[in-house]
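Spelled out, the chains give:
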Amino acid sequence: MRSIQRIWFILTLLAAPTLGSAAENVSGFRLNNGMQVVVIEDHRAPIAVQMVWYFAGAADEQPGKSGIAHYVEHLMFKGTEKFGPGAFSNAIKLIGGSDNAFTTHDYTAYVQRVAVQHLETVMEMEADRMRGLVLSSEDIETERQVVLEERIERTDSNPSAVFGEQRSAAQYLNHPYGIPVIGWRHEIERLDRDDIFDFYSQHYVPNNALLLVAGDVNPDAVLEMAERHYGVIEPSTRIPERPRPKEPPQLSERRLTYADPRVSTPYVVRTYLVPERDSGDQETAAALSLLAEIIGGAGINSVLSQKLEVKDELAVHTAAYYGGTSLDDTRFTLVVVPKEGVALGEAEAALDEALAEFVETGVDSDHLDRVKTQVRASWIYAQDDVQSLAYDYGSSLVTGLTLEDIAEWPEVLQEVTEEAIIKAANGLLDRRKSVTGWLMREEGSS
């Protein structure tokens, strides 16, 4: 029998019945040790997805110890006394499942997808490594080389990735979002066993975690399993505060260029620091989301595509992105890939002109209606992938949103006005608050 203190929230979500609804019910609980549990029911296929999200990521690292959150993620697969090295992933493969993990600035998550009858097996193993990680010195050194090789492969050998790191560092002068999740090489090389276990012991505790189970499951049965495996783990009183220094006001435009002979496609990218999506106050994020779709969304109907690709024939690709799911101020990004022979300076000037024209003429109401329809359809169709659905819920919840916020988001988007979008766009005209970068083939080219 569940104690009433452990019932966190229970919601019923409604979706268009003609397209189907994957998330029939979403239930939430809190165990006595403080661990949050969310269950998303989808009874259309006999599968279950388990995700454990820790409220700790790269932005929670101590200064000078970059990369440790990602490093710990790797080491979590080394084993415990109960399940030896490699046993976790091997066991999941033997039952026909899959597993993965990922680290961001704000959180670290572990995911398994299995036939529903094997849910308790993966729950037992995941709970065991929450506090039972066993590491030898050899494990730590071996995995350090794996992490360093990953950095070489994904970042150091990729001019666009190096460019991205430099732009992030220019964007965030004071906030840890300016430090790469994988870490700086010279700091990864110095991390030791004490650093690893200090981060692990402080953050990998039940009262700093969210368990999310989605699929062909019953909330009461999931809660019983969660109590049996996670509920017996002692909570911690050592969870550190999450100090997030704020960025100082940006008073001057920041610019950088990166030239590399390996660059095959030069491009211009500009970013602005903008508000994230906040609980109970999602209107600004909704306006920024629709602004990104209108001026740089997929297809040739976007403002930038029509102006730079179709009318002026200056670009082969344009885009706009807004990622609102974060704990702190995030970025609004504009990209222009010019045609061969078009200078980056010309492409940037055309970008500025297109933005100014858009703010001057306003939002085309028909275009806005189409975008809203597309956004709603995309949201509904996203319900068909239970793992994607679990990711969307988990990433929202661990960055401060609630189940109520998630349920209300589609309607908040539909209620965005043309005036709110233009207000958001006006901020993109202030170059003093931007970071503009040119990725070039070779030094001095444009």
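Residues numbered from 1 in each chain as written. Predicted model: local features only at pLDDT ≥ 70, side-chain atom pairs only at ≥ 80, totals over all residues. Heavy atoms only, no water.

### A few points about empty space enclosed by the protein
Inference 1: A complete count under the given rule lists one cavity of 30 Å³ or more for this structure.
Inference 2: Estimates place the volume of the largest cavity at around 40 Å³.
Inference 3: Around the largest cavity sit M76, G79, T80, F83, G84, F88, M125, D128 and R129, which together line it.
Inference 4: When residues in the lining of the largest cavity are grouped by element, the largest group, three residues, is from helix α3 (residues 119–131). (1 Å grid on protein atoms, 1.4 Å probe; cavity = no way out; pocket = protein on both sides within 12 Å on 5 of 7 lines; lining within 4 Å. Points joined across faces, edges and corners; volume = space filled by probe spheres on them. Helix = DSSP H or I, 4+ residues; strand = E, 2+ residues; numbered from the N terminus.)

### Topic: the pattern of salt bridges
Inference 1: If you walk through the whole model with that rule in mind, you get 31 salt bridges.
Inference 2: For D42, the salt bridge is made with R44, and the minimal N-O distance between the two is 3.1 Å.
Inference 3: Here E353 ties to K307 by a salt bridge, and the two come within 3.1 Å at their closest N and O atoms. Here E353 is found in helix α11 (residues 344–361), whereas its partner K307 is found in helix α10 (residues 303–311), with 46 residues between them in sequence.
Inference 4: On the basis of relative accessibility, which here comes to 39%, the residue E353 falls in the partly exposed class.
Inference 5: Within this structure, E253, R255, R270, E348, D352 and R431 form a network of salt bridges that share partners. (Salt bridge = Lys/Arg side-chain N within 4 Å of Asp/Glu carboxyl O. Buried < 20%, exposed > 50% of the residue type's maximum accessible area, 1.4 Å probe, protein only.)

### Some points on the pairing of strand β3 (residues 36–41)
Inference 1: By the criterion of burial, β3 is predominantly enclosed, with six of the six residues buried.
Inference 2: Burial of β3 is two-sided: the residues Q36, V38 and I40 facing one way and the residues V37, V39 and E41 facing the other way are all buried.
Inference 3: Pairing between strand β2 (residues 25–30) and β3: six bridges, direction antiparallel. Looking at β3, one finds that S27 is bridged to V39.
Inference 4: Here β2 hands over to β3 after five residues, with G34 in that stretch at a positive phi of 95°.
Inference 5: Bridge count between β3 and strand β7 (residues 209–215): six bridges; the pairing is parallel. Following the sheet pairing, V38 is matched in β7 by L212. (Pairing = 2+ DSSP bridges.)

### Considerations on helix α5 (residues 159–171)
Inference 1: For α5, with 13 residues, the first-to-last C-alpha span of 18 Å sits near the 18 Å given by 1.5 Å per residue.
Inference 2: Among all positions of α5, only P159, V162, F163, G164, E165, R167, S168, A170 and Q171 are buried.
Inference 3: Against α4 (137–156), β8 (254–259), β9 (267–274), β11 (330–338) and β12 (434–440) lie the buried residues of α5.
Inference 4: The backbone nitrogen of S160 lies 3.0 Å from a side-chain oxygen of the residue at the head of α5, namely N158. (Expected span 1.5 Å × (residues − 1). Contact = heavy atoms within 4.5 Å. Polar contact = N/O pair within 3.5 Å; in protein donor to acceptor, adjacent residues only side chain to side chain.)

### Some thoughts on the layout of surface pockets
Inference 1: Of the volumes computed, that of the largest pocket is approximately 820 Å³.
Inference 2: R277, S289, V375, W409 and L413 are the residues nearest the centre of the largest pocket, which is lined by 30 residues in total.
Inference 3: If you list the elements that add at least two residues to the lining of the largest pocket, you get α9 (283–296), β10 (315–322), α12 (365–382), α13 (386–397) and α14 (403–414).
Inference 4: Classifying every residue of the lining of the largest pocket by side-chain character gives 16 nonpolar, 10 polar and four charged. (Nonpolar A, V, L, I, M, F, W, Y, C, P; charged D, E, K, R; others polar.)

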